[in-house]
Amino acid sequence: QAQLVESGGALVQAGDSLRLSCAASGRTFSSYTMGWFRQAPGKEREFQAAITYSGNTYYAPSVKGRFSISRDNAKNTVDLQMNSLKPEDTAVYYCAAAANRGTYASAYVATTAYDYWGQGTQVTVSS
């Protein structure tokens, strides 16, 4: 069975950095678009970043310039490097995978585009 497992969440201070990791198993995800989403209590799950099989990336405006998504197909992993963290970044962060091998990561901003989801990892940013 295909499975995604996130790790790396922590309680940090504003301005700090974190690197979240997503480990995939059960199948090879090299042809999948991979994405990161976050969800705060009482809020909808919102798009953060996506990367296609070819390495094309797209970011939500709120994190552009601060976050960076990357993938290692040999290891079947996807990371999210988060810099200059703000209190409003506090949320549970989810990794997701979409079987559709699209050309542009900008087409993968909706949760409905994804077929597999991880369990989430908590990121808390204090002021």
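Everything that follows concerns the structure shown earlier in this document.
These notes cover the structure that comes with them. Please read all numbers here as calculations on a predicted model, not as lab measurements. (Residues numbered from 1 in each chain as written. Predicted model: local features only at pLDDT ≥ 70, side-chain atom pairs only at ≥ 80, totals over all residues. Heavy atoms only, no water.)

Considering the overall build of the protein chain
Right, on to step 1. Looking only at helices and strands, the protein chain features zero helices and eleven strands.
Right, on to step 2. Each helix and strand of the protein chain, ordered N terminal to C terminal, gives the series β-β-β-β-β-β-β-β-β-β-β.
Right, on to step 3. A principal-axis box enclosing the C-alpha atoms of the protein chain has dimensions of 40 × 30 × 25 Å.
Right, on to step 4. Of all 127 residues assigned to the protein chain, the portion counted as buried reaches 41%.
Right, on to step 5. Relative to all contacts within the protein chain whose residues are 6 or more apart in sequence, the contacts with residues 24 or more apart total 62%.
Right, on to step 6. The positive charge centre, built from 11 side chains, and the negative charge centre, built from 9, are 5 Å apart in the protein chain. (Helix = DSSP H or I, 4+ residues; strand = E, 2+ residues; numbered from the N terminus. Buried < 20%, exposed > 50% of the residue type's maximum accessible area, 1.4 Å probe, protein only. Contact = heavy atoms within 4.5 Å. Lys, Arg positive; Asp, Glu negative; His and termini not counted. Charge placed at Lys NZ, Arg CZ, Asp CG, Glu CD.)

A word on the pattern of salt bridges
Right, on to step 1. In the structure shown here, the tally under the stated rule is four salt bridges.
Right, on to step 2. The partner of Arg 19 in a salt bridge is Asp 79, with the nearest N and O atoms 3.0 Å apart. Of this pair, Arg 19 sits in strand β3 (residues 18-25) while Asp 79 is found in strand β8 (residues 77-82), placing the two residues 60 residues apart along the sequence.
Right, on to step 3. Note on Asp 79: relative accessible area 15%, which makes it buried. (Salt bridge = Lys/Arg side-chain N within 4 Å of Asp/Glu carboxyl O.)

Quick word on the sheet that holds β8
Right, on to step 1. The four strands lie next to each other as β1-β3-β8-β7, forming an open sheet whose pairing is antiparallel. The open sheet has two edge strands, β1 (3-7) and β7 (67-72), and neither has a second partner. Across the sheet, the axes of successive neighbouring strands diverge by a mean angle of 15°, strand direction being ignored.
Right, on to step 2. Alignment of β7 against β8, held across six bridges, turns out to be antiparallel. Residue pairing in the sheet places Asp 72 in a bridge with Thr 77 of β8. (Pairing = 2+ DSSP bridges. Axes fitted to C-alpha atoms, helices over the stretch in contact; angles between N-to-C directions.)

Geometric descriptors of this kind do not, in isolation, establish any biological role.
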